Every structure is written in structure tokens, then in C-alpha cells.
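Reading the structure
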Amino acid sequence: MSTKHLFVAAVACATCAAWGWAQTARPADLSNVVVFKEPGRYGGWPANHGLWQWGGELVAGFQVCWYKPATNDHAIDRSKPSEHWQARSLDGGKTWSVENRLPFAVEKEEPRAAPLAEPLDFTAPDFALMFLFGSMHVGPSRFYASADRCRTWRGPFAFSVEGVDRIAARTDLVVLGPRDCLMFGSAAKADAKEGRVFCARTTDGGLRWRLLSLIGGEPKEGFTIMPSTVRLPGGALLTAVRNGKFRNDITLFRSDDTGQTWSELGAATGDIGGNPPALVLLQDGRVCLTYGYRRKPCGVRAKLSDDEGKTWGSEIVLRDDGLTGDLGYPRSVVRPDGRVLSVYYFNGPRDEDRTIQGTLWTPPPRAAADGSRVFNAARPAVPRETPQL
């Protein structure tokens, strides 16, 4: 190879590293499990519901539709009703049983959402709270509460925030005390389309929520939605958001004053085809980001940061065997043994195989994860159309 060619190769490698195109890695310890699978049905979007954990007991929420082949849309039959189901594991996520006799399973059969009359205790040992929404653009949103590990639910309760309207809320909470809680959600832009991200707070157990801040500016094109938030050991908040078309990446924001103001840290990924983030804090203090990857090869990936989201290590491939990009929307938790469970919707090997699955995996040691650090910068825009699924 000539000196000229060596120089070009070196510049190319440096550019790839700077823009996040570092080599991918795979966990040494990884196993995939089926959470939901039913012939003729389509399981989707755990990120729109929730994943709750009490030691070795876990509950995952998701939506169940009827399968119908599609090219530029979700593979669902929109002429048939969809339902909200959940699945429970009693062995740390290894096996699951489906629960579909739920008060919110069929939205049209629910009573009208009513105001919450009594305050919630967000720190109760078996407590869970779940948000659902109507239109992805303008809501409205509602929530449900459980005091027995999702075995029974109360609701729907009407949800509103003083200072912001047209809310499409998913479940993203940071509990500060028995009656004190932050929630992070998406609201419509000025044009009544999704959306932009906000932070709200209640100090009376959910009876009243008030706007603390809008996170980032309103995007001129596309959307910024679906925050996922962790509280760092020092008390700062770190939230990751999904950006829409022309970017299709994940961006991080940080707050050092309990959500009142925010600074942008930059992008954690390049163009992943459009998918929401799932942030968790590992036992050793590192931040773990999981997301669906809708480019070829389609699947689920993760990244780790040991400096609170300023920089990120190599992309960790959890799955790369998806048939199409109609997958992802993960939720993740850290088990008591330190392994991560990531739950997501998936497809393949046949097109009609539309399931909820999970991956149990052990993050690589800190030294290995730091081996190929990259900057917070997104890959340049890819000049091709991506369906906004």
C-alpha cells in the first residue's frame, strides 16, 4: 500500500471513530427469551407501557394487535381492535406468563377517566404507575396505579399538567419521596403534531402536576419525544430523547437542579432508523442505553457511558437477526445480580412472527467498555426515506 493510501485509510478510520462508527461488540453472557407469542397476533411497543421489577418478579406491558402484512407501516390490521396486555415473570425474566384480563385491555370498554381523589404513595413497596395516551399527537393522557405488583389496577385517572397541554405520556418517572415525583413526557408542538419533551412534578401524590421545564427547543421539522430518565448518584438527572426524521438519533440532556433547567450533552447514537431510548443505571455507576436498530441488520443494540453520558463506548449488539425494522421500543431494568433485562418487540424469522421478546445480558467490564470511546456526535444524515414507525 502506498503512503497516500495509508494516509487516506488513517483519515477514514479517525473519521469513523469520531462519528461513532466504532466497531461493535457482543456481550459474552447473553440469552434471549420469548415474553409473548401468539399465532396471528402482533405484539408491540413495550416503551409505550412499562417494565416493573420487584426482586425476581417482573411485569412488562405491551400492545397486542392482529397481524397484517405491510410494507411502509406496522404490520397490523387497523380494521381490528388492539388491546393492552401485560406479562409476568417470577424468575428474573427467564419465563413469562401472559395476563390479558385487565381493566384497561380494551380502551373502548373503559369508563371515562376521572380525577385522582386520594394521593398516591410513590415509595410503597409493591407500587406501580402506568401512563397511556390517545392520539400520539395531542393525547389526551391517562394513568393507572397498582399497589400489588400489577395484579390489580385502579384507574383510568385523568392526567393534566399546569403549563402544558396536548400530552402523549408514556411511563417515565423519577421518584423523589412518598408524595414527590417527577414525570417526563411528550407534548404537541405549536402545529399540533408530536412533539417536544417536558418535565413535570407533583408534591401531593399525583393530585396536581405542574410544569417544571421544556427540555430542548421545539424541533422545526420532525419531533423530539419519548424521554427515558435516570437519576445519577450525585443527584443530577440524565434524560435521553428520540429525535425524528432527518436525524433519527438519540440525544442526551442533563439537569443539575432537579429538572428546572437542562443542558444538551449531544447525540449518543448516529442514525438508527428512529427508535426510543431506554436508560438504566448499572450497579457500578455506568449509564446503559438500549434502543432498537431499524437499519440493516435490524435488531436491538446498547451503549455504555462511564462519564454520565458525556461520551459513549462501542455499540453493543444484542440482536441483529430482525427480519424488518418494525421492532425495538425497549424497556430495560437491572436485576439484583447485575444483569440487564431488555424487553422489546421483535419480528422474524417469518414475517408473521411478531412477538415480544427479551434479552438477558451482562454488560462488559468497565475496561472492555472503555476500549473504543467515541465522541457525542451523530452520523451524518442518510439520504433515504425511513418510515416513522
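This section reports on the structure supplied with the text. All values derive from a computational prediction rather than experimental measurement.

So, how was this worked out
- Residues numbered from 1 in each chain as written.
- Predicted model: local features only at pLDDT ≥ 70, side-chain atom pairs only at ≥ 80, totals over all residues.
- Heavy atoms only, no water.
- Helix = DSSP H or I, 4+ residues; strand = E, 2+ residues; numbered from the N terminus.
- Contact = heavy atoms within 4.5 Å.
- 1 Å grid on protein atoms, 1.4 Å probe; cavity = no way out; pocket = protein on both sides within 12 Å on 5 of 7 lines; lining within 4 Å.
- Points joined across faces, edges and corners; volume = space filled by probe spheres on them.
- Nonpolar A, V, L, I, M, F, W, Y, C, P; charged D, E, K, R; others polar.
- Polar contact = N/O pair within 3.5 Å; in protein donor to acceptor, adjacent residues only side chain to side chain.
- Pairing = 2+ DSSP bridges.
- Axes fitted to C-alpha atoms, helices over the stretch in contact; angles between N-to-C directions.

Focus on the overall build of the chain
- Tallying secondary structure elements over the chain gives two helices and 25 strands in all.
- Pairs at least 24 residues apart make up 57% of the contacts formed inside the chain by residues separated by at least 6 positions.

Comments concerning empty space enclosed by the protein
- For the structure shown, the criterion picks out two cavities of 30 Å³ or more.
- The volume enclosed by the second largest cavity comes to roughly 30 Å³.
- Taken together, Arg170, Asp172, Phe184, Gly185, Ser186, Met226 and Pro227 make up the lining of the second largest cavity.
- Where the lining of the second largest cavity is concerned, the elements lending two or more residues are β12 (181–188) and β15 (224–231).
- Residue contributions to the lining of the second largest cavity peak at three residues, all from β12.
- Residue composition of the lining of the second largest cavity, by class: three nonpolar, two polar and two charged.

Description of the environment of Arg88
- Mapped onto the elements, Arg88 comes out in strand β5 (residues 83–89).
- It is 9.6 Å that separates the C-alpha atoms of Arg88 and Trp52, two residues lying 36 residues apart in sequence.
- Residues in contact with Arg88, not counting those within four places in the same chain, are Glu57, Leu58, Val59, Thr95, Trp96, Ser97, Glu99, Arg149, Cys150 and Arg151.
- Engagement of the side chain of Arg88 in a polar contact is seen with the backbone oxygen of Cys150, the distance being 3.3 Å.

Concerning the sheet that holds strand β21 (residues 299–305)
- Spatially, β19-β20-β21-β22 is the arrangement adopted by the four strands of the open sheet, whose pairing is antiparallel. Taken across any chain shown, the strands that pair with only one partner, and hence form the sheet edges, are β19 (277–281) and β22 (316–319). Averaged over all pairs of adjacent strands, the angle between their axes in this sheet comes to 25°, without regard to strand direction.
- Here strand β20 (residues 287–293) runs beside β21; their pairing, made up of seven bridges, is antiparallel. What sits directly across from Thr290, in β21, is Ala302.

Coordinates in, geometry out; function isn't part of it.
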